[in-house]
Amino acid sequence: MQKLPIGRSDYQILKEENEYYIDKTKNIIEFLDISGSVVLMPRPRRFGKTLFQSTLYYFFSNQERDEEIFKDTYIYNTSFFKEHFGKYPVIFLTFKDARENSFELMIENLKRTIQEEFYKYSDIDLSKIKGLEAEKTIFQNIINDKSSIVDLEKSIKVLSSILKAYYKKRVIILIDEYDTPILTGWMKGFYTEIIEFFRNFFGAGLKDNDKNLKKALITGIFKISGESLFSGLNNLEDITLRPKFGTICGYTQNNIETTILPYLAGVDLKELKAWYNGYNFLNDKVYNPLDILLFIKNDFRFKNYWFKTGTPSFLVKLFKEGDYNLATFEYLTVGEELLESFDIEDISLETVMFQSGYLTIKDIEEVGDDTFYHLSFPNIEVKKSFNDYVLSNHFVNRSKKVAVQIALYKLLAKSDLDGLKQVLKSLFASIAYNNFTNNYIENYEGFYASVIYAYFAGAGFDDIKAEDVTNGGRIDLRVFIDNKVYIFEFKVNQIGALAQIKAKKYHERYLADYNEIYIIGVEFNSTQRNVVEY
């Protein structure tokens, strides 16, 4: 069998190393057919964005022209291949390493990246190009390490102008991880300066560059709001939720059951799907490739491979500032505007979680002329890992958390309700109250419900569901384990939890499918900070 392409983002090396490749070359044809000349494709991290950009580079670039690496792909025998392969000058920039602590250092970082791209074309004989004297000067400034910030802002327009004039072909521009330096600027305190730089950079290179630009693809995790960055860019086509491009990144279930199946001998595909599938971009749901590759490499162990590649510390910060109830993310309803863009000056946690891959679309509802999206965690990995992370880094003492979660699982597995009562008391005692002021807790009505939900979601149960969640502290939690279902009603500073389960007959829907059904009412007093009725 071919080797696994773990961490591989260079298409040519992947093919030369005989690593397996999920063929995405049909998307090259579809990419060039998009009406807008500038295409924006946000996707969560480690989803294959850079590999797709690299594939475009090796296909279109007149500096490469290695037909061998495309011979076993969809595109090779098409008329499109003959018409477009190796025919264009290509500018390919990636800002993945643009993570500096100051604006000055960031500009130096960006200068090096831009310089490296200019060096690829340093042997061009500028004397053969008529006119463009200002562009030639900036070209030489960048090559000779004498560029100013203004030169860098004009760099892709300058390079595309020279390449168009020299090769007599309009240019393909590929920019990967465009949002990394911008988000770094936001976190490090120089957002105003860096957003101004990129507004000018994209404005010159993409907005006012039609005569030189054949097509551009911009990829990153977030879609930075138009007012902040892409203002006036009328030729921009955002394909975030274009069904046609819903599987342009990621592995589909069909990929798992065909190309990848030989690597998964003996694996329960249903369990694999529950753990790692579920990302929805309005086409077939997809897997994050990294999860599947590392799952195979690690002898089929179900773990949080994708989640641990990036720490969502900024999400925890937003979560804390917004006083959210974690359980609401079990089934969250939002309008189209919340999925449209990431506005750093008015950040929505829901938008950030969707665009970064912690939430995905479960279903869509049309109400009159409006469209609403119902969001939830995409799979077990993200649901379990995110809640566990928030729990450990926001709510509880880490040393106590694991012991409580293990006890929760074992007690529910053997239906020990008396032991469960004691563990619930330990659970509330594990809250790191010293991290919060009394006033914060009193005004954060979803505080205790978030702790409860995060404990159960992070404990490793086969399935949990949170329903009838309110920001007033209520949570109706269903926990499924083997042939048992536990129905919990938690109330804070209220009474009648068990009576409500009975009155609303929550248990009746499970009578036909489960051998054991348990209903448990838990009432919590925020003054005493513990269970007062069970």
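Everything below is about the structure shown above.
What you see is a predicted model; the values in this text were computed from it and never measured.

K.L.:
Explain the sheet that holds strand E5 (residues 236–238) to me, please; I cannot follow it from the model alone.
P.N.:
Strand pairing in a sheet takes place through backbone hydrogen bonds and is either antiparallel or parallel in direction. Taken in spatial order, the 5 strands line up as E2-E3-E4-E1-E5 in an open sheet, and their pairing is parallel. Among the strands making up the open sheet, the edge pair consists of strand E2 (90–94) and E5. Neighbouring strand axes in the sheet, compared pairwise and without regard to direction, differ in orientation by 15° on average. Sheet analysis places E2 next to strand E3 (residues 171–176), joined by 5 bridges and oriented parallel. Looking at the pairing, Phe 92 lines up with Leu 174 of E3. Here helix H3 (residues 49–60) sits on the sheet and contacts strand E1 (38–42), E2, E3 and strand E4 (213–220); the angle it forms with E3, its principal contact strand, is near 160°.

K.L.:
Honestly, the environment of Val 158 in this entry has me stumped. Any pointers?
P.N.:
Along the chain, the position of Val 158 falls in helix H8 (residues 155–167). In sequence terms Val 158 and Leu 4 are 154 residues apart; their C-alpha atoms lie 40 Å from each other. Setting aside residues up to four positions removed in sequence, Val 158 forms contacts with Glu 135, Ile 138 and Phe 139.

K.L.:
Which parts of the structure should I look at to understand the packing of helix H17 (residues 380–395) against helix H18 (residues 398–413)?
P.N.:
The description of two packed helices rests on the angle between their axes and on the distance between the axes. Where H17 meets H18, the axes come as close as 9 Å, and the angle between the chain directions of the two elements is 140°. Looking at the two axes, H17 sits oblique to H18. By crossing handedness, the relation of H17 to H18 is classed as right-handed. Contacts between H17 and H18 involve Asp 388, Leu 391, Ser 392 and Asn 393 from the former and Arg 398, Lys 401 and Gln 405 from the latter. Looking at side-chain class alone, the contact of H17 with H18 contains 1 nonpolar, 3 polar and 3 charged residues.

K.L.:
Just checking my understanding: could you explain the packing of H17 against helix H21 (residues 447–458) for this structure?
P.N.:
It is the contact of H17 with H21, at a shortest axis distance of 8 Å, that shows an interaxial angle of 130°. By the angle class used here, H17 and H21 are oblique. Considering only the axes of H17 and H21, their crossing is left-handed. Residues Lys 383, Lys 384, Asn 387, Asp 388, Leu 391 and Phe 395 of H17 form the contact with H21, whose participating residues are Phe 447, Ser 450, Val 451, Tyr 453, Ala 454, Tyr 455, Ala 457 and Gly 458. Considered class by class, the residues forming the contact of H17 with H21 number 8 nonpolar, 3 polar and 3 charged.

K.L.:
Which parts of the structure should I look at to understand the environment of Glu 365?
P.N.:
Assignment of secondary structure puts Glu 365 in strand E9 (residues 360–367). With sequence-adjacent residues up to four places away left out, Glu 365 is seen in contact with Asp 370, Thr 371, Phe 372 and His 374. Within the local environment of Glu 365, its side chain forms a polar contact with the side chain of His 374, the two groups lying 2.9 Å apart.

K.L.:
Looking at this structure, I do not really get the layout of surface pockets. What am I missing?
P.N.:
Think of a ball as big as a water molecule: rolled over the atoms, this probe shows where empty space is left. Here the largest pocket defines a volume of roughly 1200 Å³. Every residue lining the largest pocket is counted, 49 residues in all, and those nearest its centre are Arg 45, Arg 46, Phe 47, Lys 49 and Glu 177. If you list the elements that add at least two residues to the lining of the largest pocket, you get H3, helix H9 (180–188) and helix H13 (289–297). Per-element accounting of the lining of the largest pocket gives the leading share, 6 residues, to H9. For the lining of the largest pocket, the residue count by class is 23 nonpolar, 14 polar and 12 charged.

K.L.:
Sorry if this is basic, but what is going on with unusual backbone geometry here?
P.N.:
A negative phi holds for most residues other than glycine; trans holds for most peptide bonds. At Asn 18, a residue that is not glycine, the phi angle is positive and equals roughly 55°. Relative to the elements of secondary structure, Asn 18 occurs in the loop between helix H1 (11–16) and helix H2 (26–33). Note on Asn 18: relative accessible area 45%, which makes it partly exposed. One non-glycine residue, Asp 482, lies in positive phi territory at about 55°. Mapped onto the secondary structure, Asp 482 falls in the loop between strand E12 (475–481) and strand E13 (484–492).

K.L.:
What is the right way to look at the packing of aromatic side chains in this model?
P.N.:
According to the stated counting rule, one finds 50 aromatic pairs in the structure shown. Judged by centre distance (6.5 Å) and plane angle (45°), the ring pair of Tyr 20 and Tyr 251 falls under tilted. Separated by 231 residues along the polypeptide, Tyr 20 in the loop between H1 and H2 and Tyr 251 in strand E6 (residues 251–252) bring together distant segments of the chain. The exposure class of Tyr 251 is buried, given its relative accessible area of 7%. Stacked on the ring of Phe 281, the Lys or Arg Arg 43 has its end atom at 4.0 Å from the ring centre. Across the ring face of Trp 306, the terminal group of Arg 45 is positioned such that the distance to the ring centre comes to 4.2 Å.

K.L.:
Honestly, the nonpolar core in this entry has me stumped. Any pointers?
P.N.:
Buried together is how nonpolar side chains tend to be arranged in soluble globular proteins. Ranked by internal contacts, the top residues of the largest apolar core, which has 154 residues, are Phe 60 and Phe 456. Per-element accounting of this core gives the leading share, 9 residues, to H21. In this structure, Tyr 251, Leu 272, Ile 292 and Leu 293 belong to the second largest nonpolar core, which totals 19 residues.

K.L.:
What should I look at first to understand the pattern of salt bridges in this one?
P.N.:
Here the idea is simple: oppositely charged side chains can pair when their charged atoms come close. Counted by the stated rule, this structure contains 15 salt bridges. A salt bridge links Lys 71 to Glu 68; the nearest nitrogen and oxygen atoms lie 2.9 Å apart. Take Glu 68: its relative accessible area is 52%, and that puts it in the exposed class.

K.L.:
Would you mind going over the side chain of Asp 151 with me for this structure?
P.N.:
Secondary-structure assignment places Asp 151 in helix H7 (residues 149–153). In this structure Asp 151 is buried but unpaired, with Lys 154 as the nearest side chain of opposite charge at 6.4 Å. Setting aside chain neighbours within four positions, we find Asp 151 in contact with Ile 138, Asn 141, Ile 142 and Lys 146.

Basis of the calculations
Residues numbered from 1 in each chain as written. Predicted model: local features only at pLDDT ≥ 70, side-chain atom pairs only at ≥ 80, totals over all residues. Heavy atoms only, no water. Pairing = 2+ DSSP bridges. Helix = DSSP H or I, 4+ residues; strand = E, 2+ residues; numbered from the N terminus. Axes fitted to C-alpha atoms, helices over the stretch in contact; angles between N-to-C directions. Contact = heavy atoms within 4.5 Å. Parallel < 35°, antiparallel > 145°, perpendicular 65-115°, else oblique. Left-handed = near helix turned anticlockwise from the far one by under 90°. Nonpolar A, V, L, I, M, F, W, Y, C, P; charged D, E, K, R; others polar. Polar contact = N/O pair within 3.5 Å; in protein donor to acceptor, adjacent residues only side chain to side chain. 1 Å grid on protein atoms, 1.4 Å probe; cavity = no way out; pocket = protein on both sides within 12 Å on 5 of 7 lines; lining within 4 Å. Points joined across faces, edges and corners; volume = space filled by probe spheres on them. Buried < 20%, exposed > 50% of the residue type's maximum accessible area, 1.4 Å probe, protein only. Phe/Tyr/Trp six-rings, centres within 6.5 Å; stacked < 30°, edge-to-face > 60°. Lys NZ or Arg CZ within 6 Å of the ring centre and 35° of its normal. Core = buried A, V, L, I, M, F, W, Y, C linked by side-chain atoms within 4.5 Å. Salt bridge = Lys/Arg side-chain N within 4 Å of Asp/Glu carboxyl O. Lys, Arg positive; Asp, Glu negative; His and termini not counted.

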